[in-house]
Amino acid sequence: MNKTLHKLAAHCAPPAPGVLRALVPGVLCGWGCAGLLALGHPWLAGALALAAAAVAGQWWKPSFWAESWKGRGWLLPTLALGAVLAAVMLLEPIADAYYAAWYWPVYKGLALGLVLGMLIGPPLVCALRRMARKARSARETTRPAFPGLWFFLAVLVPLALYWARVFPYESSFDLEYQLEMLRGELPLNDVHTLAHTLLLGLAGGQPGLLVAVQLLTLAGLLTAFAAWFYRRGMGLFGIAACLCGGCLGPVVGQAAASPIKDLPAALCAGVVLYYTMRLLAGDLRFSWPHRIGFGAALAFTGLFRHNSFVLVLAAGLWLLARGIYRRQKGLLATVAVCAACIFAVDGVAAPLLGLQHPANGFAVQVYATGIVAVNQRGGEMSEEQRRCMEELLPMDYVAHCLENPDTAHFTRAQRLCWTRDLGSYTLSEREARFAPLLEDSQGVNDVFNNLFILAAGQNPKEILRLYLELFLQNPWLCTTEILRNNTNVWRLDRGLGPFSHVFCLAALAVAFFCGSGRGMLRRWPALLPVVCNIASVVVAASTNEIRYLLPTFLLAVPSALFFALEGGVPDDQTKGVSEPCR
């Protein structure tokens, strides 16, 4: 207890002058980048970030550029960067409707991506490796205590500004629906995840209070990342600039000010990443509080947002396999805690609270919109499959939704899922069988917002079966439709410019491949939170909302810093001050 209080006092103590000289410029640089992004000047923010990197890495010295091109160590990271940039430039023309026109853009995009990779890769790799070397040498010296309280406040300031813009909270249809359930106006159901509805209930049904808790938790998570990187030897300027600038952009800030499920799920994924990094670095004393925290965070990542169960499954299997292979009981206990949390919510709380399970068409949105795409784009479809489609989906209503397509703002899937006109639409003769759905949907129109979603939720297994059949018959058409409905996953966001998640993924790829062979491969699990987020969006979502990528925006930079610091170091050199897990 006394040791814990001593550490807390050290974090809260006024920082030494040398610490301030490194912390303040880094915080100001991070604030500048986040502020310019929020004001709509992404390329100015990118220029500021580049200037900070040049100053920190002393790019004006000839030795930096000589070292950048020295040896063969830059080749694999550079190719990884080029591949990411080339893939982005390839996907847009491939997803275009005019297939005859994309051959030249493919060639041009591939060439441009690889050229950019060759130009940017070597200095970026050199900067990351220099940072890692300085950090490893700093681990052997005595350093001042990390100014935890001051970094926490530095993170909280921009988050408070985001909150002030929409104070006390930013409302949405989803939130109003949950509040109606908490007030007893609607029966409790799983249209929205039960865990998040209960979390809102624990906040007394006060969304503003939940937002305040989210902001404090987010600031605490980034402070925990910063403190760990500092203990691993990284400089305060780099920590503050990277985390304040790279993790506090408008996507994260706006989500933090909104009391919906995306941020709690992303925060839990962040806790999973934090424990994964420490586990891989070998400096985690795996006591029961850590086991419970790790396991609960992993469970609630999926309980708050169901498509995040991709991460729960992947990380859970990895922990189970590692625990069995290395005979580490702490990891097995973590998996057990995760399973217990899932059972407590879905197996105990749900029945006790009388949770209802209404048909949810959004759960099969990818498959239902894919079936429509095959029909609309003239794909291969037998007469039997066409009859099945018309029995499952209201095709006249589909034509009504798509008759005036706003292709500049909405994809086919968005127009199908977001058209709200249940009160004015008149059913056709062949859609008469769907009339009971409209009568039973009173009070839930804001969520089950149209006949397409209502109908898709009635026979999810048949929808999935038909979609898989059509996918095998039309693989190219279905794949390009997925690309079109998920442009936020792979397209450069002009509003974010160099802070787009695509560049974050490129930096993560470079940092990952900076490591040596065995060290790099042994640390691949730290990729899981970001990779599983991308995979879950592609598999389960079709409405192209940028908030689905919140874990990527929040965690790509900490993941890249981890690989830069740890990826190229043998395991016997990465042990920290605490004993490894067992």
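In every chain, residue numbers begin from 1 and rise along the written sequence. For a predicted model such as this one, the threshold for reporting local features is a pLDDT of at least 70, and the threshold for listing and counting side-chain atom pairs is 80 or more; totals across whole chains, interfaces and linings nevertheless cover every residue. Excluded from the side-chain calculations are hydrogens and water; all other atoms, namely the structure's heavy atoms, are used.

Participant: Looking at this structure, how should I read the overall build of the protein chain?
Facilitator: Helix and strand content of the protein chain: 29 helices and zero strands. Whether a residue is buried, partly exposed or exposed follows from its accessible area with a 1.4 Å probe, protein chains only, as a fraction of its type maximum: under 20%, in between, or over 50%, in that order. Among the 582 residues that make up the protein chain, the fraction classed as buried is 52%. Contacts are assigned to residue pairs that have any heavy atoms within 4.5 Å of one another. Restricting the contact set of the protein chain to residue pairs at least 6 apart, pairs at least 24 apart contribute 79%. The secondary structure listing takes helices from DSSP runs of H or I that are at least 4 residues long and strands from runs of E that are at least 2 residues long, numbered from the N terminus.

Participant: Explain the pattern of salt bridges here, please?
Facilitator: By convention in these notes, a salt bridge is any Lys or Arg side-chain nitrogen within 4 Å of a carboxyl oxygen on Asp or Glu. Taken as a whole and assessed by the stated rule, the structure comprises seven salt bridges. Two residues, aspartate 283 and arginine 278, come together in a salt bridge whose shortest N-O distance is 3.5 Å. Pair check on accessibility: aspartate 283 and arginine 278 agree, each one buried. Among the salt bridges present, the one from glutamate 469 reaches arginine 465, with a minimum N-O distance of 2.6 Å. Taken as a pair, glutamate 469 and arginine 465 lie in helix α23 (residues 460-473) at a separation of four residues, close to a single helical turn. We classify glutamate 469 as partly exposed; its relative accessible area is 29%.

Participant: Teacher, can you tell me more about helix α17 (residues 365-376) here?
Facilitator: The α-helix advances 3.6 residues per turn, and as a result positions three or four apart in sequence lie on the same side. The terminal C-alpha atoms of α17 lie 16 Å apart, and with 12 residues this matches the ideal 16 Å at 1.5 Å per residue to within 8%. Counting buried positions over the 12 residues of α17 gives nine, a clear majority of the element. Within α17, burial applies to Gln365, Val366, Ala368, Thr369, Gly370, Ile371, Val372, Ala373 and Val374. Positive backbone phi, at 70°, marks glycine 378, one or two positions downstream of α17. What a helix is expected to span follows from its residue count: subtract one and scale by 1.5 Å.

Participant: Please explain a nonpolar patch on the surface as it appears in this structure.
Facilitator: The patch calculation keeps residues exceeding 30% relative accessible area without a salt bridge and links them within 9 Å when they carry like charges or within 5 Å when they are nonpolar (Val, Leu, Ile, Met, Phe, Trp, Tyr). Surface accessibility follows the Shrake-Rupley procedure with a 1.4 Å probe radius. Residue values consider only the protein chains on display as shielding. On the surface, Leu20, Val24, Leu28, Trp31, Val157 and Leu161 cluster together into a nonpolar patch covering about 520 Å² of accessible area. Put simply, the parts of the chain that give the nonpolar patch at least two residues each are α2 (17-38) and α7 (148-166). Top contributing element to the nonpolar patch by residue count: α2, with four residues. Residue classification places leucine 20 among the partly exposed positions, given a relative accessible area of 37%.

Participant: What exactly am I supposed to notice about α2 here?
Facilitator: For α2, which comprises 22 residues, the first-to-last C-alpha distance of 31 Å matches the rise-based estimate of 32 Å (1.5 Å per residue) to within 8%. For α2, the full list of buried residues reads Val19, Leu23, Gly26, Val27, Cys29, Gly30, Cys33, Ala34 and Leu37. If you follow the buried residues of α2, they end up packed against α3 (42-57), α7, α11 (236-246) and α12 (250-256).

Participant: Honestly, the environment of alanine 47 in this entry has me stumped. Any pointers?
Facilitator: With respect to the helices and strands, the residue alanine 47 is situated in helix α3. On the basis of relative accessibility, which here comes to 42%, the residue alanine 47 falls in the partly exposed class. Here the alpha-carbon distance between alanine 47 and proline 498, two residues 451 residues apart in the chain, equals 9.2 Å.

Participant: How should I be thinking about the side chain of serine 536 in this particular structure?
Facilitator: Within the secondary structure, serine 536 is located in helix α28 (residues 528-540). In this structure serine 536 touches Asn307, Val310 and Ala541, once residues within four positions along its chain are discounted.

Participant: What is the right way to look at the packing of α17 against helix α19 (residues 395-402) in this model?
Facilitator: Each packed pair of helices is defined by two parameters, the angle between the axes and the distance between the axes. Contact geometry for α17 and α19: axes closest at 12 Å, N-to-C directions at 80°. As far as their axial angle goes, α19 and α17 are roughly perpendicular. Taken together, the residues of α19 that come into contact with α17 (itself represented by Val372, Asn375 and Gln376) are Met395, Val398 and Leu402. Each residue is assigned to one of three groups, with Ala, Val, Leu, Ile, Met, Phe, Trp, Tyr, Cys and Pro labelled nonpolar, Asp, Glu, Lys and Arg labelled charged, and all others, Gly among them, labelled polar. In terms of residue class, the contact of α17 with α19 is made up of four nonpolar, two polar and no charged. Note on geometry: axes are C-alpha line fits, over the in-contact stretch for helices, and angles between N-to-C directions span 0 to 180 degrees. Oblique is the label for any angle not covered by the other classes, which are roughly parallel (under 35 degrees), roughly antiparallel (over 145) and roughly perpendicular (65 to 115).

Participant: Any chance you could explain the nonpolar core here in plain terms?
Facilitator: Note that soluble globular proteins tend to have their nonpolar side chains buried in a common cluster. Counting residues in each nonpolar core, the largest one holds 120 residues, and the members touching the most others are Phe151, Phe225, Phe229, Leu243 and Leu554. Of all the elements, helix α13 (residues 262-281) adds the most residues to this core, at 14 residues. With residues near it in sequence (within four places) discarded, phenylalanine 151 still touches Leu23, Phe146, Leu222, Thr223, Ala226, Ile239, Ala240, Leu243 and Cys244. Side-chain atoms within 4.5 Å link the members of a nonpolar core, which is a set of buried Ala, Val, Leu, Ile, Met, Phe, Trp, Tyr and Cys residues. Met381, Cys388, Tyr397 and Ile463 belong to the second-largest nonpolar core, a separate cluster that totals 32 residues.

Participant: I would appreciate a short explanation of the packing of aromatic side chains in the present structure.
Facilitator: To describe a pair of aromatic rings, one takes the distance between the centres and the angle between the planes. Only Phe, Tyr and Trp rings take part, Trp by its six-membered ring, and two of them pair if their centres are within 6.5 Å. Stacked means planes under 30 degrees apart, edge-to-face means over 60, and tilted covers everything else. Considering all chains together, one arrives at 15 aromatic pairs under this definition. Their ring planes at 45° and their centres at 5.5 Å tell us that phenylalanine 300 and phenylalanine 304 sit as a pair that is tilted. Here the residue phenylalanine 300 and the residue phenylalanine 304 both occupy positions in helix α14 (residues 288-304), the gap between them amounting to four residues, near one helical turn. For the ring pair phenylalanine 562 and phenylalanine 563, a centre distance of 5.3 Å and an interplane angle of 65° mean the geometry is edge-to-face. Neither phenylalanine 562 nor phenylalanine 563 differs from the other in exposure class; each is buried. Put simply, the rings of Phe225, Trp228, Phe229, Tyr274, Tyr275, Phe286, Phe294, Phe512, Phe562 and Phe563 pair up and form one aromatic cluster. Should the NZ of a Lys or the CZ of an Arg lie within 6 Å of a ring centre and within 35 degrees of the ring normal, that charge is described as sitting over the ring. Sitting over the ring of tryptophan 288, arginine 291 keeps its end group 4.8 Å from the ring centre.

Participant: What am I meant to see in the environment of asparagine 307 here?
Facilitator: Structurally, asparagine 307 can be placed in the loop between α14 and α15 (309-326). The exposure class of asparagine 307 is buried, given its relative accessible area of 16%. For the pair asparagine 307 and alanine 535, spaced 228 residues apart in the sequence, the C-alpha separation amounts to 9.3 Å. Discounting chain neighbours no more than four positions away, the residues touching asparagine 307 are Ser536 and Ala540.

Participant: What should I look at first to understand unusual backbone geometry in this one?
Facilitator: Put simply, phenylalanine 167 and proline 168 share a cis peptide bond, and its omega is 5°. Looking at the element boundaries, proline 168 is found in the loop between α7 and α8 (173-182).

Participant: Would you mind going over the state of the cysteines with me for this structure?
Facilitator: Structurally, a disulfide amounts to a covalent bond that connects the sulfur atoms of two cysteines. Pairs of cysteine sulfur atoms within 2.5 Å are identified as disulfides in what follows. Applying the stated criterion across every chain, the model contains zero disulfides. Not part of a disulfide, cysteine 341 finds its nearest cysteine sulfur in cysteine 338, a span of 7.0 Å. Its relative accessible area of 16% is what places cysteine 341 among the buried residues.

Participant: How do you make sense of the confidence of the model for the protein chain when you look at a structure like this?
Facilitator: Detailed conclusions should not be drawn from predicted coordinates in areas where pLDDT is low. Think of pLDDT as the predictor's per-residue confidence, scored from 0 to 100. Per-residue confidence for the protein chain gives a mean pLDDT of 81, with 79% of residues at or over 70. Per-element averaging of pLDDT across the protein chain places helix α1 (residues 2-12) at the bottom with 60 and α14 at the top with 95. In this model, residues 97-104 is a region of pLDDT below 50 whose contacts with residues beyond four sequence positions or in other chains number nine contacts. Confidence drops under pLDDT 50 across residues 442-446; counting only partners more than four residues distant or on other chains, this segment forms nine contacts.

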